[in-house]
Amino acid sequence: MPVSTGIISREVLQDSSSRDELSYALADILNGIRREWSLTLVELSNLLGRPHGTVKGWLKKGGYVGLDSALDPNTQAIIDFIDIYNMTASFFVRTADQSEWFKTPSAKFDGKSPMAMISENPHNMMIARQIISRMLNP
């Protein structure tokens, strides 16, 4: 089921109460995607370019994603990953099809799966997001 990240505004990040709510919401969303796509903690850590221990902390009961008062590359990677999930979910109805597509090599991703391509280099998250967006809006 697609989840909404909207645009995270400067005002949200600068307001400590709103930032706290967003911190918990992002952890919940990431945990939901991890379960739906059957991703291990290591795989999710590699996708987000974050240490395994950090992601594990986010996903534990009561965990949250630590956010700064300004949008940084780490937070942007989370937003981009959630957008990739949303776009994939809008393209494939069944969760199994979404996960299979994400993990299957494709010519569009230089013979790699979207997951492998993104895990290779943190900058590939943005590239994968653009490729998927073009697939949805040819």
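Structure: see above.
Because the structure is predicted, anything quoted here is derived from the model rather than measured.

A.B. asks: Break down the packing of helix α3 (residues 41–48) against helix α4 (residues 52–59) for me, citing the residues and quoting the values.
C.D. replies: How two helices pack is summed up by the angle between their axes together with the distance between the axes. For the pair α3 and α4, the least separation of the axes is 9 Å and the interaxial angle reads 110 degrees. Taken together, the axis directions place α3 and α4 in an arrangement best described as roughly perpendicular. Of the two possible hands of crossing, α3 and α4 adopt the one that is right-handed. Residue-level inspection shows Leu 41, Val 42, Leu 44, Ser 45 and Leu 48 of α3 in contact with α4, the latter providing His 52, Val 55, Lys 56, Trp 58 and Leu 59. Across the contact of α3 with α4, the residue classes break down as seven nonpolar, two polar and one charged.

A.B. asks: Go over unusual backbone geometry, please, and point to the residues and values.
C.D. replies: With phi around 50 degrees, Ser 38 is a residue other than glycine that occupies positive phi space. Counting through the fold element by element, Ser 38 comes out in the loop between α2 (16–36) and α3. Even without a glycine there, the phi angle at Asp 110 is positive, about 55 degrees. Relative to the helices and strands, Asp 110 is located in the loop between α6 (95–103) and α7 (114–120). Taking the relative accessible area as the measure of exposure, Asp 110 reaches 67% and is therefore exposed.

A.B. asks: Can you explain the pattern of salt bridges? Please cite residues and give values.
C.D. replies: Charged atoms that come close allow side chains of opposite charge to pair. Applying the stated criterion to the full structure yields four salt bridges. Between Asp 80 and Arg 129 there is a salt bridge, with the nearest N and O atoms lying 3.7 Å from each other. Taken together, the positions of Asp 80 in helix α5 (residues 73–91) and Arg 129 in helix α8 (residues 124–136) put the pair 49 residues apart, joining distant regions of the chain. A relative accessible area of 31% places Arg 129 in the partly exposed class. Put simply, Arg 129 and Asp 83 hold a salt bridge, and the shortest N to O gap is 3.0 Å. With Arg 129 in helix α8 and Asp 83 in helix α5, the pair connects residues that are 46 residues apart, well separated along the chain. Residues joined in a network through salt bridges with shared partners are Asp 80, Asp 83 and Arg 129.

Analysis parameters
- Residues numbered from 1 in each chain as written.
- Predicted model: local features only at pLDDT ≥ 70, side-chain atom pairs only at ≥ 80, totals over all residues.
- Heavy atoms only, no water.
- Axes fitted to C-alpha atoms, helices over the stretch in contact; angles between N-to-C directions.
- Helix = DSSP H or I, 4+ residues; strand = E, 2+ residues; numbered from the N terminus.
- Parallel < 35°, antiparallel > 145°, perpendicular 65-115°, else oblique.
- Left-handed = near helix turned anticlockwise from the far one by under 90°.
- Contact = heavy atoms within 4.5 Å.
- Nonpolar A, V, L, I, M, F, W, Y, C, P; charged D, E, K, R; others polar.
- Buried < 20%, exposed > 50% of the residue type's maximum accessible area, 1.4 Å probe, protein only.
- Salt bridge = Lys/Arg side-chain N within 4 Å of Asp/Glu carboxyl O.

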